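# Observations on the model geometry
Now for the letters of each chain:
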Amino acid sequence: LAATTGGACLGQSGWKHDFSQGLLSCGMRTGGSMPAAGQCMKNLQGVSESCGNCLGDLIQCGRDHCVKFCCYGSCPTSSACRDCNQAHCNGAFSACAGENPP
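Scope of this entry: the structure provided in the associated data block. The model shown is predicted, which means the values in this text are computed figures rather than measured ones.

Scoring rules and cut-offs
Residues numbered from 1 in each chain as written. Predicted model: local features only at pLDDT ≥ 70, side-chain atom pairs only at ≥ 80, totals over all residues. Heavy atoms only, no water. Core = buried A, V, L, I, M, F, W, Y, C linked by side-chain atoms within 4.5 Å. Buried < 20%, exposed > 50% of the residue type's maximum accessible area, 1.4 Å probe, protein only. Helix = DSSP H or I, 4+ residues; strand = E, 2+ residues; numbered from the N terminus. Contact = heavy atoms within 4.5 Å. Phe/Tyr/Trp six-rings, centres within 6.5 Å; stacked < 30°, edge-to-face > 60°. Arc of directions from axis to C-beta. Axes fitted to C-alpha atoms, helices over the stretch in contact; angles between N-to-C directions. Parallel < 35°, antiparallel > 145°, perpendicular 65-115°, else oblique.

## A short note on the nonpolar core
Counting residues in each nonpolar core, the largest one holds 21 residues, and the members touching the most others are Trp15, Leu23, Leu55 and Phe93. Of all the elements in the fold, those that place two or more residues in this core are helix H1 (19-30), helix H2 (36-45), helix H3 (49-66) and helix H5 (90-97). Discounting residues that sit within four places of it in the chain, Leu23 has contacts with Met41, Leu55, Leu58 and Ile59.

## Thoughts on the packing of aromatic side chains
In this structure the tally under the stated criterion is 3 aromatic pairs. When the centroid spacing of 5.5 Å and the interplanar angle of 55° are considered together, the rings of Trp15 and Phe93 count as tilted. Of this pair, Trp15 sits in the segment before H1 while Phe93 sits in helix H5, and the two are 78 residues apart along the sequence. Among the residues examined, Trp15 registers a relative accessible area of 0% and is labelled buried. Assessed through its relative accessible area of 2%, Phe93 is described here as buried.

## With respect to the environment of Met28
Of note, Met28 is situated in helix H1. Remark: the alpha-carbon pair of Met28 and Ile59, spanning 31 residues in sequence, is separated by 9.6 Å. Contact partners of Met28, with chain neighbours within four places excluded, come to Tyr72 and Gly73.

## A closer look at H5
Residues Asn90, Phe93, Ser94, Cys96 and Ala97 constitute the buried set of H5. Viewed end-on, H5 has its buried residues packed into an arc of 165°, placing them on one side of the element. Exposed side of H5, more than 90 degrees from the buried face: Gly91 and Ala95 are the residues found there. On the buried face of H5, the contacting elements are H3 and helix H4 (79-88). With its phi angle positive at about 80°, Gly98 sits one or two positions after the end of H5.

## Here we look at the packing of H3 against H5
At a minimum axis separation of 9 Å, H3 and H5 run at an interaxial angle of 175°. Relative to H5, H3 is oriented roughly antiparallel. Facing Cys54, Leu55 and Leu58 of H3, the residues of H5 in contact are Asn90, Phe93, Cys96 and Ala97.

In short, shape yes, function no, at least from these values alone.
This is how it looks when you write it as structure tokens:
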């Protein structure tokens, strides 16, 4: 995981825009790997590098823990996918970003 301290996304509204679609798009483009996933989210969402890193870490965590529950990208809004991300990834994102996933 990228070294980023809490609050990286505070005061930046862009990271929430089309949140799930952005994560899916950058995840697919980068194979869900950091640092490419973070750079993709930084550029796509128009946020700081540190906020992009939090988002990229979230993508990589989802890839590592939840890809099968998210149907390999085809059911990112399913309850199984959301539950897996909540259990494995959202806490670290919130600690990094200073915000909870929308």
